[in-house]
Amino acid sequence: MSRWKELPAELHPHVHQLIVRLRRLKDRSELSTRQLATKTGYSAKSWQRYLNGRSLPPREAVEAMARVGGDDPPRLLVMHEIAAQRWAEGRVVTTDAAEDSSATPAQPATEQQPYRRHLRAAVTAGAVVTVLSVSAALLLAVRLTEARAQLAHDRSDVAATAPATVSASLVPVIYTCRLEQRDGRWNAGLSRTTDVLLSNAQVGLEVAEAQCLLQRAGTAPGEIDGVFGPKTRRAVERMQKQNGLIVNGVIDPPTWQALRSADAK
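Every value quoted in this text rests on a predicted model; they were computed, and no experiment measured them. (Residues numbered from 1 in each chain as written. Predicted model: local features only at pLDDT ≥ 70, side-chain atom pairs only at ≥ 80, totals over all residues. Heavy atoms only, no water.)

1. Comments concerning the environment of Lys 5
Spelled out, the test is: A run of H or I in DSSP counts as a helix once it spans at least four residues, and a run of E counts as a strand once it spans at least two, with each numbered from the N terminus. Only heavy atoms enter the contact rule, under which two residues are in contact if any of them lie within 4.5 Å.
With respect to the element layout, Lys 5 can be found in the segment before α1 (13-29). Each C-alpha atom, one on Lys 5 and one on Gly 53, is 9.7 Å from the other, the two residues being 48 residues apart in sequence. The contact partners of Lys 5, leaving out residues within four places of it in the chain, are Arg 23 and Asn 52.

Here it is in structure tokens:
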């Protein structure tokens, strides 16, 4: 069992609860932070920040930890959503205090309180909207940068399962598809998953595996770079339509089954 540092006292109880849960899942997985980084696509330093309460992990990192630790992703994601709201609210506490202290002394307290309450609610809502908007816009860039940095730092470990070329300038990673059919199922040598959900903005070996299988099925996703972008989504939709699946652009278990099938169209 890991010996964890005490979490910052100023953390909101909901944020504290989420981080404690993530720590338990890491302990259950018996993985080091470096091994955890390899499995999730987030760097070891990022996980150290997340698990010590210095920054809030993104939604995708929490979902990845749930898979690694064998927890129920939807329940953990609900905890993350609540914690994210509390985290954003915590950033505007100082602003609220400054607004209260600047109130005109002559103004009665009973008149100040409704104004402050509405102003506090408006500032909090604006902060949450800003955080969510910026997170959506920067998610792909952050995930890609962290994944490439981790590969460059520990490429000897990654090379055993994911052949890639990474330079010091973080040029795009290009994976090699090593297709083989075994027991009637196709594999590309990057991941053997059949149930990991993949969608826009995700990065990693599972995405590269899916891209290789899409290429084999005749719906080329562009470069095999491990990045789930617009080209990959369009390739998934074409493949789903050809195989009579629900066309949602998401690689779900039925789509994995069709991709790995020997007679995938």
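So, next bit.
2. Re the state of the cysteines
Note the cut-off: Disulfides are defined as cysteine sulfur pairs within 2.5 Å. We call a residue buried when its accessible area falls under 20% of the maximum for its residue type, exposed when it is over 50%, and partly exposed in between, using a 1.4 Å probe and counting protein chains only.
Inspection of every chain in the model, using the stated rule, returns 1 disulfide. Residue pairing for Cys 177: its cysteine sulfur links by disulfide to Cys 212, the two sulfurs lying 1.9 Å apart. As the torsion about the S-S bond is roughly -85 degrees, the Cys 177-Cys 212 disulfide counts as left-handed. Residue Cys 177 is located in the loop between α8 (155-158) and β1 (180-182), and its partner Cys 212 is located in helix α9 (residues 205-216); the two are separated by 35 residues in the primary sequence. By relative accessible area, Cys 212 is classed as buried at 0%.

3. Thoughts on helix α4 (residues 59-69)
All of the buried residues in α4 are Ala 61, Val 62, Ala 64, Met 65, Ala 66 and Gly 69. Those residues of α4 that are buried are in contact with α1, α2 (33-40), α3 (44-51) and α5 (73-90). Backbone geometry just downstream of α4 places Gly 70 in the positive-phi region, at approximately 75 degrees.

4. Focus on the pattern of salt bridges
Note the cut-off: The term salt bridge refers to a side-chain nitrogen of Lys or Arg lying within 4 Å of a carboxyl oxygen of Asp or Glu.
Taken as a whole and judged by the stated rule, the model has 7 salt bridges. A salt bridge links Glu 209 to Arg 260; the nearest nitrogen and oxygen atoms lie 2.9 Å apart. Here Glu 209, found in helix α9, pairs with Arg 260, found in helix α11 (residues 253-260); they are 51 residues apart in sequence, far enough to count as distant. By relative accessible area, Arg 260 is classed as buried at 1%.

5. Looking at the packing of aromatic side chains
Counted only if it meets this: Stacked, tilted and edge-to-face pairs are distinguished by plane angle, under 30 degrees for stacked and over 60 for edge-to-face with tilted covering the rest, among Phe, Tyr and Trp rings (Trp via its six-membered ring) whose centres lie within 6.5 Å.
Under the definition given, this model contains 3 aromatic pairs. Ring geometry for Tyr 42 versus Tyr 50: centroids 6.3 Å apart, planes at 70 degrees, classification edge-to-face. Assessed through its relative accessible area of 1%, Tyr 42 is described here as buried. What makes Tyr 50 buried here is its relative accessible area of 5%. Counting every residue linked through ring pairs, the aromatic cluster contains Tyr 42, Trp 47 and Tyr 50.

6. A closer look at the nonpolar core
Generally speaking, soluble globular proteins have nonpolar side chains that are buried together. Threshold: What we call a nonpolar core is a set of buried Ala, Val, Leu, Ile, Met, Phe, Trp, Tyr and Cys residues that are connected through their side-chain atoms within 4.5 Å.
The biggest cluster of nonpolar side chains holds 23 residues, and the ones touching the most others in it are Val 15, Leu 18, Leu 22, Trp 47 and Leu 76. Of all the elements in the fold, those that place two or more residues in this core are α1, α3, α4 and α5. Residue contacts for Val 15: discarding those within four places in its chain leaves Leu 56, Ala 83, Arg 86 and Trp 87. If you look at the next biggest cluster of nonpolar residues, it comprises 15 residues, including Val 196, Leu 198, Ala 210 and Ala 235.

7. A look at α5
The criterion, for reference: For a helix, the expected span equals 1.5 Å multiplied by the number of residues minus one. The arc in question is the one spanned by the directions pointing from the helix axis to the C-beta atoms.
Helix length check: α5, at 18 residues, gives a terminal C-alpha distance of 25 Å against a target of 26 Å (1.5 Å per residue), a fit within 8%. Three or more residues of α5 are buried, namely Leu 76, Leu 77, Met 79, His 80, Ala 83, Trp 87 and Ala 88. Projected down its long axis, α5 shows its buried positions confined to an angular sector of 165 degrees, all on one face.

8. A short note on the side chain of Ser 43
For the record, the criterion: Pairs of N or O atoms are called polar contacts if they sit within 3.5 Å, as long as, within protein, a hydrogen donor faces a hydrogen acceptor (for residues adjacent in sequence, only side-chain-to-side-chain pairs).
Looking at the secondary structure, you find Ser 43 in the loop between α2 and α3. Within polar-contact distance, the side chain of Ser 43 engages the side chain of Ser 46 at 2.9 Å.

9. What to know about the confidence of the model for the chain
Just so we agree on the cut-off: Along the chain, pLDDT gives the predictor's confidence residue by residue, from 0 to 100.
Taken over all residues, the pLDDT of the chain has a mean of 78, while the share at 70 or more is 68%. Below pLDDT 50 for its whole length, residues 92-112 participates in 12 contacts with residues either more than four positions away or in separate chains. Here residues 154-170 scores under 50 on pLDDT; set against residues more than four positions off or in separate chains, the count is 27 contacts.

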